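Results of the structural survey
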Amino acid sequence: MATAPRSETKIEPWNDPHATPYVRIERMSKKFGDFVAVHDVSLKIYQKEIFCLLGGSGCGKTTLLRMLAGFEVPTSGTVFIDGEDMAGIPPYERPANMMFQSYALFPHMTVEKNVSFGLEQEGLPKADIRKRVGDMLEIVKMTPYARRKPHQLSGGQRQRVALARSLVKRPKLLLLDEPLGALDKKLREHTQFELVNIQEQLGVTFVVVTHDQEEAMTLASRIGVMNHGEIVQVGTPSDIYEYPNSRFVADFIGSVNMFEGRLIEDEPDHVRIESEELGGTFFVDHGVSSAPGAIVWVALRPEKIMLSREAPPGRENQTRATVKEIAYMGDLSIYIAQLPGGKMVRVTQPNTVRHPEDRITWDEQVYLHWHSSSGVVVTQ
Amino acid sequence: MARTAYVSLGERLSHALAQLIEGVTHSPPYLWSQRWLRRRGVTGRGFVIALPYLWSILFFAIPFVIVLKISFSATQISMPPYAPLIEWLGEQALAIKLNLANFSFLLKDALYTRAYLNSLVIAGISTFLCLLVGYPMAYGIARATPAWRNVLLMMVVLPFWTSFLLRVYAWIGLLKNNGVINNVLMALGIIDQPIVMLQTDFAVYIGIVYSYLPFMVLPLYATLEKMDLTLLEAAADLGCRPTKAFFRITWPLSVPGVIAGAMLVFIPAVGEFVIPSLLGGPDSLMIGAVLWNEFFNNRDWPVASAVAIAMLLLLVVPIMVFQYFQGRELSAHR
């Protein structure tokens, strides 16, 4: 299996065997009747991390989050928060706060009252509450709207109130369920960076549930990809993108061209794979823990394939193709090319020149080629 | 394979009806009369709007004006038993005699004020009791599984399928001295003297609460059922215990339902006549019974009308409050 090269400078507690995780999930499962929502999940999440649970709808990510918050009781397994076993501890006594997908703002209370609600439960002095609520509204830039009711706010404003309400209690752990789901694209991008800023400012551990891979890529320190109630891969965004451990992950994150092939040569520093779909062989510069002759797949990202009219040198990592479709996206163009064997391959090229004189066009015969470090071999 | 040309009877009927309407609305006589009516300002839309207005003019405004008119008349032994309000004196003189004595009589005789107050108190307490019993019921139904919810709602509505009068009569059988309840308690040896329940205020409360409970439960259910349960999760997440969350979240959000239910119970309970006369004793004097007495026993139509007008005024205030809150709730959920 492929592993990512590590940078030495970054703080990466998950690589430190002595670091104690802030949240430790141990073999947790949840069944609703016969339906297994979460199956045997074990995870370690460290302090000040932004951990994203990423997966399609119904993959169990929200159920997992709700078990952390205490709204669902796990069928088996345990969760430890800050070393403490959470079994039997109701939501109102857990050191975590949650930001709900629907925001769940109290409709009969003003913005101010919504935010102060959590602090009132702690029985803090009135003056302290007023100060902390004021500060928090300042951080999320909602001070001018303090006296409004939720139905008088826009979606983005409600989202900020919900965030303020969950952060004002200064939780060590903040659980966010699709926090940006209801926002439009522009506002979402803006808020993503705001979230990261607030997280760095307050030093809170975030666990974010999302189905949006772009959101996970921007926010996360690490991503846990979920499928059918199981965690299929945990890693940093670049790990997940560049070194997916399965066809599912490769396909789920970004777009990918997948070639089925047979392992013909397996050395520690390179492998050769013969692929009928490609009509040639792949040379990949990393080792694979699989026996020669095994069926494997090569995942090739569209942006890592080069397009040219001239035949590239060598005989491996290349193929002839016919351009079938071109989509101009502004910053880049997407080409759909057909290989001699019939397989369609997606290639993206940045549009570095404004008006190329001689651009590749429909039905042109071209060569596709790529670097030996571009492909990733996955065995399942 | 030939497509099975099965068309259900309902479908065929509706198709035939649509064709019939199509035919009629495109026939020349229809189009002519439509043009004729439209030239005189009669349109389909106007007709649809006019219909409910006609209904309330015919069955509310006109009777109300008649009763109002009678309430300002003087009694006299004749047919009808009141003096005309407007008299043509001849020689181009029209006399309108407004007799205010009926209203001042209501204030003078303590019987009426007592009956009004008693009605308000009984209706108020009954409303409160209905809320006390109805809220947990509505809450339980709203939080039950969907399958159970329908069964439970059905059980709330089921009594309406029997006559109201019959159901109140049944309570006599339960409450009287040798009725079901007393017999059971005596047979069990819990009491050895029958408890007097019938013809007391207790029986009146039982009757009113029993009869009007569905009117409390249904609007309460409607508000509780549409409540977003994640609000309670959010409250718990913010450190709020379930009982406290009920008073901070659930109760304030159900207030519109409480008001609607209270109005639906309070307003008819004030004017309730059947229940106090069947179950109540001579002490539980309510305004409905007074009205009945004036009208049918004393044959004093003007005073009876004055009683009715005064009661109407007494009830218009809570109705307006109800309207105000409903309007506010509607605008809040826009």
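Rules and cut-offs
- Numbers given to residues run from 1 along each chain, matching the order in which its sequence is written.
- Ligands are numbered from 1 and chains lettered from A, in the order in which they are written.
- Local features in a predicted model are, by the rule used here, given only for residues with pLDDT of at least 70; side-chain atom pairs are given and counted only at 80 or more, and totals for whole chains, interfaces and linings are based on all residues.
- Helix and strand definitions follow DSSP, with helices as H or I runs of at least four residues and strands as E runs of at least two, each counted in order from the N terminus.
- Each residue is classed by its C-beta neighbour count within 10 Å, where at least 20 other C-beta atoms makes it buried, 12 or fewer makes it exposed, and intermediate counts make it partly exposed; the C-beta atoms are placed from backbone geometry.
- Contact criterion: two residues are in contact if their C-beta atoms, reconstructed from the backbone, are within 7 Å.
- Strand pairing is assigned whenever DSSP detects at least two bridges linking the two strands.
- We define the nonpolar core as any set of buried residues of the types Ala, Val, Leu, Ile, Met, Phe, Trp, Tyr and Cys, connected via C-beta atoms lying within 7 Å of each other.
- The source of the domain bounds is an automatic or database domain assignment.
- Gly counts as polar in this scheme, as do all residues outside two lists: the nonpolar Ala, Val, Leu, Ile, Met, Phe, Trp, Tyr, Cys and Pro, and the charged Asp, Glu, Lys and Arg.
- Throughout, an axis means a line fitted to C-alpha atoms (over the contacting stretch in the case of helices), and angles, computed between N-to-C directions, take values from 0 to 180 degrees.
- Angle categories: roughly parallel below 35 degrees, roughly antiparallel above 145, roughly perpendicular from 65 to 115, and oblique for all the rest.
- In this scheme the handedness of a crossing depends on how the near helix is turned from the far one: anticlockwise by less than a right angle means left-handed, clockwise means right-handed.

**Considerations on the overall build of chain B**
Regarding its fold elements, chain B presents 14 helices and two strands. Along the longest, intermediate and shortest principal axes, the C-alpha atoms of chain B span 85 × 80 × 45 Å. Residues classed as buried in chain B amount to 26% of the 334 residues present. Long-range pairs, those at least 24 residues apart, make up 70% of the contacts in chain B with a sequence separation of at least 6.

**Structural notes on the overall build of chain A**
The secondary structure content of chain A amounts to eight helices and 20 strands. With respect to the three principal axes, the spread of C-alpha positions in chain A is 75 × 50 × 45 Å. Every one of the 380 residues in chain A was classed for burial, and the buried ones make up 39%. Of all intrachain contacts in chain A linking residues separated by at least 6 positions in sequence, the fraction that spans at least 24 positions is 63%.

**Remarks on the pairing of strand β2 (residues 35-45) of chain A**
Where strand β1 (residues 23-32) of chain A meets β2(A), seven bridges bridge the pair, whose relative direction is antiparallel. In the sheet register, Met28(A) faces β2(A), and the bridge partner there is Val41(A).

**Quick look at the nonpolar core**
All names here are of chain A. Counting 106 residues, the largest nonpolar core has Cys52, Leu68, Ala164, Leu175, Val207, Val298 and Val377 as the members making the most contacts within it. Counting contributing residues per domain, this core is built from domain 1 (13-247) and domain 2 (257-378), each supplying no fewer than three. Leave out the neighbours within four places in its chain, and Leu175 touches Leu65, Leu68, Ala69, Ala96, Met98 and Val207.

**A look at the interface of chain A and chain B**
At the interface, 17 residues of chain A touch 15 residues of chain B. If you list the elements that add at least two residues to the side of chain A that touches chain B, you get β6 (96-99) and α2 (111-121) of chain A. The dominant element in the side of chain A that touches chain B, judged by the number of residues it contributes, is α2(A), at three residues. Looking at side-chain class alone, the side of chain A that touches chain B contains nine nonpolar, six polar and two charged residues.

**Some remarks on the sheet that holds β6(A)**
Pairing between the strands of a sheet is mediated by backbone hydrogen bonds and can be parallel or antiparallel. Residues and elements named next belong to chain A. The six strands lie next to each other as β6-β7-β8-β3-β9-β10, forming an open sheet whose pairing is mixed. The sheet is open, and its two borders are formed by β6 and β10 (230-235), each paired with just one other strand. Here the strands of the sheet are splayed against their neighbours by 20 degrees on average, with no regard to which way each runs. The sheet contact formed by strand β9 (residues 222-227) and β10 spans five bridges and is antiparallel. Across the sheet, Val225 pairs through a bridge with Gln233, a residue of β10. The sheet strands contacting helix α4 (residues 155-167) are β6 and β7 (173-177), and the helix crosses β6 at an angle near 175 degrees.

**Some words on the packing of helix α10 (residues 230-237) of chain B against helix α11 (residues 242-270) of chain B**
Residue and element names in this part refer to chain B. The interhelical angle for the contact between α10 and α11, taken along N-to-C directions, is 135 degrees, at an axis separation of 10 Å. Classed by the angle they form, the pair α10 and α11 counts as oblique. As for how α10 packs across α11, the hand of that crossing is right-handed. Packed against α10, whose contacting residues are Leu231, Leu232, Ala235 and Ala236, the element α11 presents Ala245, Arg248 and Ile249 at the interface. Taken together, the residues that form the contact of α10 with α11 break down as six nonpolar, no polar and one charged.

**Brief notes about the domain arrangement of chain A**
Residue and element names in this part refer to chain A. Taken as a whole, chain A is organised into domain 1 (13-247) and domain 2 (257-378). Placing a centre on the C-alpha atoms of domain 1 and another on those of domain 2 gives a separation of 39 Å. Each partner contributes residues to the interface: domain 1 has five residues there, and domain 2 has five residues. The residue inventory of the side of domain 1 that touches domain 2, partitioned by class, reads two nonpolar, two polar and one charged.

**Points about the sheet that holds strand β19 (residues 365-369) of chain A**
Residues and elements named next belong to chain A. A sheet is described by the order of its strands in space; here five strands give the open sequence β15-β19-β16-β17-β18, paired in antiparallel fashion. The open sheet has two free edges, formed respectively by β15 (306-308) and β18 (344-350), since each of these has just one partner strand. Each neighbouring strand pair of the sheet contributes to a mean axis angle of 45 degrees, computed without reference to strand direction. Pairing between strand β16 (residues 318-328) and strand β17 (residues 332-338): six bridges, direction antiparallel. Within the sheet, the bridge partner assigned to Ile326 lies in β17 and is Tyr335.

**A short note on unusual backbone geometry**
In the Ramachandran plot, Asp82(A) falls in the positive-phi region, its phi being about 55 degrees despite a non-glycine side chain. Considering the arrangement of structural elements, one finds Asp82(A) in the loop between β4 (76-81) and β5 (84-85).

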